[in-house]
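Next come the chains, spelled out residue by residue.
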Amino acid sequence: MRRALLLAAAALAVVLAMPGRAGAAVVHHIVVDGAIGPAVAAFVSESIDRAKASGAAALVIELDTPGGLLTSARAIVKDLLAAPVPVVVYVAPSGAGAGSAGVFITMAAHVAAMAPGTSIGAAHPVGGQGEDIKGTMGEKIENFTASFSESIARQRGRNVEWAVKAVRQSVSVAADEAAKLKVVDLVARDRDELLARIEGRTVEIGGEKRVLKLKPVELLSFEMRFSQRVLAVLADPNIAYLLMLAGLLGLYVEFTHPGVLFPGVVGGICLLLALTAMQVLPVNTGALALLALGVALLVAEAFLPTFGVVGVGGVVAFLLGSLFLFDSPGDQVEVARGIVVGAGGGLAAFILVIGTLVTRRRGVPARLGVEGMIGAVGTARERLAPVGSVLVNGEYWLAETDEAIEAGAPVEVTGVDGLRLRVRAARRKP
């Protein structure tokens, strides 16, 4: 029985070690579906390295994106142009598109293909909310992006004129028109047709010509690692900003109410996640300093008699820092104005209100402990001359006084000495 199990385990190990069908060309396949960001750039780079290390015949990137960060797109283009294995970018499925940053990624591939019913184009650089970038900065970014698109098209032998128009005029074309204009190489209905049509095509890898030999073919698909998927979500500036607000709120509640624990733990986790996202986002350090100043001023308002001047300054600094926190012209990286006004303004108001209530609460006399006994009024249970029993706050205490006080007379506590009270005759009854 033991021998049979060992033989079965060995056979399973051999099967798992086999890369595919005997003699088949192994082609790696990944899917990029969504905005282009740091996580996607890392995923593409990792996939190219994996394909190279395993000796894959090619890497197919199935692409559907509305665009994304220009910095991340440039990183992907750099990897594609220097890829040691043939890379095929396939805009699919039908209804998908390669917009904005997707244009540069598609054109940078060794082979560019599209499925019927897809589109490509509209690569004009815009701000985080889709608005045009005005002034000299907008002109500089447009010129740079146009030259970037042109250089990719020239290196891959694609339509240079259209590549420039996609940036300067935001032109967009469907799959068939893109193939006619030589923006892409071909149109294929599915992956099987794609692999069949690129068979025998010659591509240039590292200055050398290489013929694609993909028959028979074994397609291996790979997905993003869990950490990359999490980073792809966190890298959204709106989510990073909300995590930062949640972290600040949780820590503020913990500092003002020590021992609650839950808000502090959750706030710490949220703040660390926000800092993780900020490591891959273009953070404006000046705006980050404004945020810190705003929080400091809002907290100070609770302790300083400034009649709201410091608090208003804190709100203004906090909101300005929020607006410019992710400031990268040409990239769609910006916190939505509605979130800044709603969440940011709400957090500032919350801290201000809670701080004010805490300050007012500090002016109320203590009701518990030694401090709570001072000024309390009770009744003498016997004649104090100078020591006797008194009833204060429903409790019997031994008390002493500097004057004689008759039984039943009201007394006022003036001090506490261990388990003995110092009292005097009171003018009001308990």
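Residues numbered from 1 in each chain as written. Predicted model: local features only at pLDDT ≥ 70, side-chain atom pairs only at ≥ 80, totals over all residues. Heavy atoms only, no water.

## As for the sheet that holds strand E7 (residues 172-174)
Stage number 1. A sheet is described by the order of its strands in space; here three strands give the open sequence E4-E6-E7, paired in mixed fashion. Two strands close off the open sheet at either side, each with one partner strand: strand E4 (97-99) and E7. Along the sheet, successive strands turn relative to each other by an average axial angle of 15°, direction set aside.
Stage number 2. With three bridges joining them, E4 and strand E6 (residues 119-121) adopt parallel strand pairing. Among the inter-strand pairings, Gly97 is bridged to a residue of E6, identified as Ser119. (Pairing = 2+ DSSP bridges. Helix = DSSP H or I, 4+ residues; strand = E, 2+ residues; numbered from the N terminus. Axes fitted to C-alpha atoms, helices over the stretch in contact; angles between N-to-C directions.)

## Here's the deal with the pattern of salt bridges
Stage number 1. Under the defined criterion, the tally for this structure stands at 15 salt bridges.
Stage number 2. Across the salt bridge formed by Arg197 and Glu193, the nearest N and O atoms sit 4.0 Å from each other. Here the residue Arg197 and the residue Glu193 both occupy positions in helix H8 (residues 191-197), the gap between them amounting to four residues, near one helical turn.
Stage number 3. Here Arg197 falls in the partly exposed class, since its relative accessible area comes to 43%.
Stage number 4. Asp402 serves as the salt-bridge partner of Arg422, at 2.9 Å between the closest nitrogen and oxygen. Note that Arg422 is positioned in strand E16 (residues 420-425) and Asp402 in the loop between strand E14 (395-401) and strand E15 (410-417), a separation of 20 residues in sequence.
Stage number 5. A network of salt bridges, in which partner residues are shared, links Glu400, Asp402, Arg420 and Arg422. (Salt bridge = Lys/Arg side-chain N within 4 Å of Asp/Glu carboxyl O. Buried < 20%, exposed > 50% of the residue type's maximum accessible area, 1.4 Å probe, protein only.)

## Overview of the packing of aromatic side chains
Stage number 1. Taken as a whole and judged by the stated rule, the model has two aromatic pairs.
Stage number 2. Plain terms: the ring middles of Phe104 and Phe148 are 5.3 Å apart, the flat faces sit at 65° to each other, and that makes the pair edge-to-face. Placement of Phe104 in helix H4 (residues 101-108) and of Phe148 in helix H5 (residues 135-156) is noted, with a sequence separation of 44 residues between them. Phe148 carries the same exposure label as Phe104, and that label is buried.
Stage number 3. Joined through ring pairs, the aromatic side chains of Phe104, Phe144 and Phe148 make up one cluster.
Stage number 4. Across from the ring centre of Phe222, 4.3 Å away, lies the NZ or CZ of Arg50, which sits over that ring. (Phe/Tyr/Trp six-rings, centres within 6.5 Å; stacked < 30°, edge-to-face > 60°. Lys NZ or Arg CZ within 6 Å of the ring centre and 35° of its normal.)

## Regarding the sheet that holds strand E13 (residues 387-392)
Stage number 1. Read around the barrel, five strands follow the order E12-E13-E14-E16-E15 and close on themselves; strand pairing throughout is mixed. Between one strand axis and the next, the sheet turns by 55° as a mean value, whatever way the strands run.
Stage number 2. The sheet contact formed by strand E12 (residues 377-380) and E13 spans two bridges and is antiparallel. The residue bridging Thr379 from the neighbouring strand is Leu391, located in E13.

Taken by themselves, the reported measurements are silent on function.
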